[in-house]
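# Fold and geometry: a report
Next come the chains, spelled out residue by residue.
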Amino acid sequence: MKTFSEICAEEGTDKAPQGHAYSFFYESILKPKREYIRNLLEIGVMEGSSHRAWEKWLPNAEIYGVDNNLEQLKNHIDKERIHYSQGDGYDRFYLNKLYPDKVWDVVIDDGCHLIHRQIEILNHFHDKLSSYGHIFIEDVGSWDDSFVPGSMDIQKAKEFLYDNFIGAKEKLVLIDSTMIPRMGHCDRWNNYILMYSN
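Residues numbered from 1 in each chain as written. Predicted model: local features only at pLDDT ≥ 70, side-chain atom pairs only at ≥ 80, totals over all residues. Heavy atoms only, no water.

A separate point is the environment of Val 173. The topology assignment puts Val 173 in strand S6 (residues 172-176). The exposure class assigned to Val 173 is partly exposed, which follows from its relative accessible area of 37%. Considering only alpha carbons, one finds Val 173 and Glu 6, 167 residues apart in sequence, at a separation of 26 Å. Sequence-distant contacts of Val 173, that is, excluding residues within four places in its chain, are made with Tyr 162, Ile 193, Leu 194 and Met 195. (Helix = DSSP H or I, 4+ residues; strand = E, 2+ residues; numbered from the N terminus. Buried < 20%, exposed > 50% of the residue type's maximum accessible area, 1.4 Å probe, protein only. Contact = heavy atoms within 4.5 Å.)

Let us look at helix H1 (residues 4-11). All of the buried residues in H1 are Phe 4, Ser 5, Ile 7, Cys 8 and Glu 11. Around the axis of H1, the buried residues are gathered within 160° of arc, so they sit on the same side. Looking at the packing, one finds that the buried side of H1 touches helix H2 (22-30) and helix H3 (49-57). Backbone geometry just downstream of H1 places Gly 12 in the positive-phi region, at approximately 80°. (Arc of directions from axis to C-beta.)

Moving on: the side chain of His 124. Among the secondary structure elements, His 124 is positioned in helix H5 (residues 115-125). The contacts of His 124, once residues within four sequence positions are left out, are Arg 92, Leu 95 and Asn 96.

Now for the packing of H1 against H2. Look at H1 against H2: their axes get within 8 Å of each other, and the N-to-C directions meet at 140°. Between H1 and H2, the angle is such that the two are oblique. Handedness of the H1/H2 crossing: right-handed. Side by side, H1 and H2 meet where Phe 4, Ser 5 and Cys 8 of the first sit next to Ser 23, Phe 24, Tyr 26 and Glu 27 of the second. Counted by class, the contact of H1 with H2 contains four nonpolar, two polar and one charged residues. (Axes fitted to C-alpha atoms, helices over the stretch in contact; angles between N-to-C directions. Parallel < 35°, antiparallel > 145°, perpendicular 65-115°, else oblique. Left-handed = near helix turned anticlockwise from the far one by under 90°. Nonpolar A, V, L, I, M, F, W, Y, C, P; charged D, E, K, R; others polar.)

Structure below.
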């Protein structure tokens, strides 16, 4: 079985070692439960490369993607285990209509990267996870959010997310992925992931 990093590199997602190198982090967290993960939702689709990587690496999972623009997809036809929906992945009413009563194993926000939207993902999904579920918010503090002054300062971004999170704050962990061995060229980003775990 190929590693998740190898699959990400093949599919051309920026989670690969040549990009953010988030693949190393995801593999370390999710590999022990890889066979048990039944579903994964990722907000933000682009060309669908990370969804294809997840589908290859998680053998028993249905992979879901939501984006307000699916025109960038190289292949608009769903694979057997990959399902795309076009809409606002940060709109809780849309999400509730799209996935009523869904219990998630993995939720990833790799969408607009605006911190006032990232907190909406945390607050919407934290009580919709399985007993071993995770939420991963990628690229925390990477985009200037006019709604949150100082949002590109990682300490201020962390404080905003923790202060406005309505769930159990002790389940939040901010990971600096620059501590992961990398070959990447994404140094313009804050390479932080906020993880919530049940």
